[in-house]
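In case you want the letters, here they are:
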Amino acid sequence: VQLQASGGGLVQAGDSRRLSCAASTPFFGSYTVGWFRQAPGKEREFVTGISGGGTNKIYADSVKGRFTTSRDHAKNTVYLQMNSLKPEDTAVYHCAAGFLYSDYEYPKPDAYDYWGQGTQVTVSS
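This section reports on the structure supplied with the text.

Conventions adopted
- Residues numbered from 1 in each chain as written.
- Predicted model: local features only at pLDDT ≥ 70, side-chain atom pairs only at ≥ 80, totals over all residues.
- Heavy atoms only, no water.
- Pairing = 2+ DSSP bridges.
- Helix = DSSP H or I, 4+ residues; strand = E, 2+ residues; numbered from the N terminus.
- Axes fitted to C-alpha atoms, helices over the stretch in contact; angles between N-to-C directions.
- Phe/Tyr/Trp six-rings, centres within 6.5 Å; stacked < 30°, edge-to-face > 60°.
- Buried < 20%, exposed > 50% of the residue type's maximum accessible area, 1.4 Å probe, protein only.

Another point: the sheet that holds strand β8 (residues 77-82). With antiparallel pairing, the 4 strands of this open sheet are ordered in space as β1-β3-β8-β7. Single-partner strands in this sheet number two, and they are β1 (3-6) and β7 (67-72). This sheet shows a mean twist of 15° between the axes of neighbouring strands, independent of strand direction. The sheet contact formed by β7 and β8 spans 6 bridges and is antiparallel. Counterpart to Asp72 in the pairing with β8 is Thr77.

The following block contains the structure:
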């Protein structure tokens, strides 16, 4: 499974941005997809995850209420809608896919088998 993350760029604080994670497999809907981010000098951080069916979503406290994840099965794509962006949201954002069986696995990078290359989001103040 190949994942392609896109949509990053330079935005101003308060702006919105939508990231996309497109998959090469038509069976993408079977996978849980997570978004992680990593800022320079910091550890990789879980952002959000969405179940294969799209009904279960988990968000990190730092983005809850501002970010929303969704998926379009027809397009084999998962989205990360980011609103009210803050400078501390600046990071490289990666999407990842895997077969996860419980909510506690969502924030764990090791639970995912496939990773995209990442897309840079820079939020200026």
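Still more to cover.
Turning our attention to the packing of aromatic side chains. This structure, assessed with the given rule, holds 6 aromatic pairs. For the ring pair Phe36 and Tyr112, a centre distance of 5.3 Å and an interplane angle of 85° mean the geometry is edge-to-face. On the criterion of sequence distance, the pair formed by Phe36 in strand β4 (residues 32-38) and Tyr112 in the loop between β9 (91-98) and β10 (114-115) is long-range, its members being 76 residues apart. The class for Phe36 is buried, based on a relative accessible area of 1%. Since its relative accessible area comes to 4%, Tyr112 is described here as buried. Each ring, one from Phe36 and one from Trp115, has its centre 5.1 Å from the other, and the planes form 50°; the classification is tilted. Placement of the pair is Phe36 in strand β4 and Trp115 in strand β10, with a sequence separation of 79 residues. A relative accessible area of 29% places Trp115 in the partly exposed class.

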